[in-house]
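Chain by chain, the residues:
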Amino acid sequence: MSRERPFSRRRVLAGLGTAAAASVGGLACPRLVFAQSKKAIKFTLPWVAEGSNMFTFVAKGMGFFDKLGLDVDIARGSGSVAASQAIGEGRFDFGLSTPSVSILQASKGLPTVTLAACAYDATMGIAALADGPIKTPKDLEGRKMASVVTSGDYPFVPLFAEKAGVDLAKVTRIQVDNKVRDRLLPEGTVDAVSGYATSMMPSYAATGVKARFMLFSEFGILNYGSALMTQPKRVAEEPELCAAVVEAVMQGLKATMLDPAEAVKVFFKQVPELALAQQAREQMRVGTGIMLFVSTRDFAKNQGLGYSDPKDYETMTDLVMKYLAREGDPRPDVAGMVTNRFAGNVKLSASEWEQAQKNSGEFRTYLT
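Before going into details, it helps to say that this report is about the structure given with it. (Residues numbered from 1 in each chain as written. Predicted model: local features only at pLDDT ≥ 70, side-chain atom pairs only at ≥ 80, totals over all residues. Heavy atoms only, no water.)

**So, the pattern of salt bridges**
Now for step 1: Enumeration according to the criterion identifies 17 salt bridges in this entry.
Now for step 2: As a salt-bridge pair, arginine 234 and aspartate 93 come within 3.1 Å of each other at their nearest N and O atoms. With arginine 234 in helix α9 (residues 232-237) and aspartate 93 in the loop between α4 (80-88) and β3 (94-97), this pair connects stretches of sequence that are 141 residues apart.
Now for step 3: Salt-bridge contacts for arginine 181 lead to aspartate 182; the nearest nitrogen and oxygen are separated by 2.8 Å. There is no split in this pair, since arginine 181 and aspartate 182 are both buried.
Now for step 4: Connected through shared salt-bridge partners, Lys39, Asp93, Arg234 and Glu238 make up one network. (Salt bridge = Lys/Arg side-chain N within 4 Å of Asp/Glu carboxyl O. Helix = DSSP H or I, 4+ residues; strand = E, 2+ residues; numbered from the N terminus. Buried < 20%, exposed > 50% of the residue type's maximum accessible area, 1.4 Å probe, protein only.)

**Examining the sheet that holds strand β8 (residues 192-196)**
Now for step 1: A sheet is described by the order of its strands in space; here five strands give the open sequence β7-β6-β8-β5-β9, paired in mixed fashion. The open sheet terminates on both sides in strands that have one partner only, identified here as β7 (172-175) and β9 (211-215). Recorded for the sheet is a direction-independent mean angle of 30 degrees between the axes of neighbouring strands.
Now for step 2: Bridge count for strand β5 (residues 124-129) against β8 is four bridges, and the pairing is antiparallel. Each residue of the ladder has a partner; that of glycine 125, found in β8, is glycine 195.
Now for step 3: Sheet strands in contact with helix α8 (residues 197-206) are β5, β8 and β9, and its direction is about 125 degrees off that of β8. (Pairing = 2+ DSSP bridges. Axes fitted to C-alpha atoms, helices over the stretch in contact; angles between N-to-C directions. Contact = heavy atoms within 4.5 Å.)

**Examining helix α17 (residues 350-360)**
Now for step 1: For α17, the full list of buried residues reads Trp353, Ala356, Asn359 and Ser360. One side of α17 carries all its buried residues, which in axial view fall inside an arc of 120 degrees. In α17, those exposed residues whose orientation departs by more than 90 degrees from the buried face are Ala350, Ser351, Glu354 and Lys358.
Now for step 2: Buried residues belonging to α17 abut α10 (239-258), α11 (260-270), α13 (280-293) and α14 (298-303). (Arc of directions from axis to C-beta.)

**Description of the nonpolar core**
In summary, soluble globular proteins display a tendency toward joint burial of nonpolar side chains.
Now for step 1: With 90 residues, the main nonpolar core has Phe43, Leu70, Phe94, Leu115, Leu140, Leu228 and Met250 as its most contacted residues.
Now for step 2: If you tally residues by element for this core, the top one is α10, at 13 residues.
Now for step 3: Grouped together as the second largest cluster of nonpolar side chains are 24 residues, Val190, Met201, Phe293 and Leu367 included. (Core = buried A, V, L, I, M, F, W, Y, C linked by side-chain atoms within 4.5 Å.)

**Here's the deal with α13**
Now for step 1: In this model α13 runs 20 Å from its N-terminal to its C-terminal C-alpha over 14 residues, within 8% of the 20 Å that 1.5 Å per residue would give.
Now for step 2: The element α13 is extensively covered by neighbouring structure, given that ten of its 14 residues are classed as buried.
Now for step 3: Along α13, the residues classified as buried are Ala280, Met284, Val286, Gly287, Thr288, Gly289, Ile290, Met291, Leu292 and Phe293.
Now for step 4: For α13, the secondary structure elements touched by its buried residues are α2 (54-61), α8, α10, α11, α12 (272-275) and α17. (Expected span 1.5 Å × (residues − 1).)

**Considerations on the sheet that holds strand β4 (residues 113-117)**
Now for step 1: Ordered in space as β2-β1-β3-β10-β4, the five strands form an open sheet in which the pairing is mixed. Across the chains shown, the open sheet's two edge strands, defined by having one partner strand only, are β2 (70-75) and β4. Strand-to-strand twist of the sheet, defined as the mean angle between neighbouring strand axes without regard to direction, takes the value 30 degrees.
Now for step 2: As paired strands, β4 and strand β10 (residues 227-230) are joined by four bridges and run antiparallel to one another.

Here it is as structure tokens:
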């Protein structure tokens, strides 16, 4: 008789049935509300399907959405800016985006609400070849750097330059499409690329490109990673739906934390075309590992998965208003942009947390 995996699909689904019986922020179990007729949900990613957002496919592939009566269609994105706009405008019911981008958007009159934090560092930054001329931020001067204008990192490049002492006027900046950005660095077309480590470093690692990464967070720029978002109106009018989506996504995140190898298998069944790509499995392994490294923080351990610290949101809002917002833009109310009403119900035991940290520890090296 074969031994069951420590976090198998069968055990997870059994646990979900128990978890769903609990209340969520005073709400009764949402499972029965959508059980008789599947609720169709349009869900957007901030980027292409990759390790940083794989847990959403795990939530779908392991049946977490289905068990709560949700029929979720996951669409790829073209950057956090575009994703946040699409969510705020209601073109998607839910999705992932970067909180700092949604804060800036809210200051311009298109608010979203963060329902659950999925990572506590966006891993925004700049990649350069390890054996290339760029060793410090100052070395960017006189060099070429590519960026995707709709990506969430783009608005923060000037702030990074200011804090790192870089004169951006001396940097040749090139706007490129997200489909070609990553290859420009190893091809030698540019000397650096801005973006997210969770997106760029996995592809470099899988193809043998030795790159280094300069995190914006190392220069005092606090930015959470991907967060689950929706519109304020939906929170007010459909709280049980919000509770159900958060529950399923956090179960997907937990499953990924505890058994990333199994999660990768589930992912490739959901997105089989990616499995055909050369080095795809190594790319997914590294991307998932980096994402898990920035997800296994004390907030999640102590408060449960999805918890957002309101003080961090105040800090991020201060940064956005000081460096990114236009003069005269109103400062959005943090209480209206983030809620922990639905977060924290999915937790890890002490032994599970130890396993999650063990699974992610080796990937710290990709962020230096």
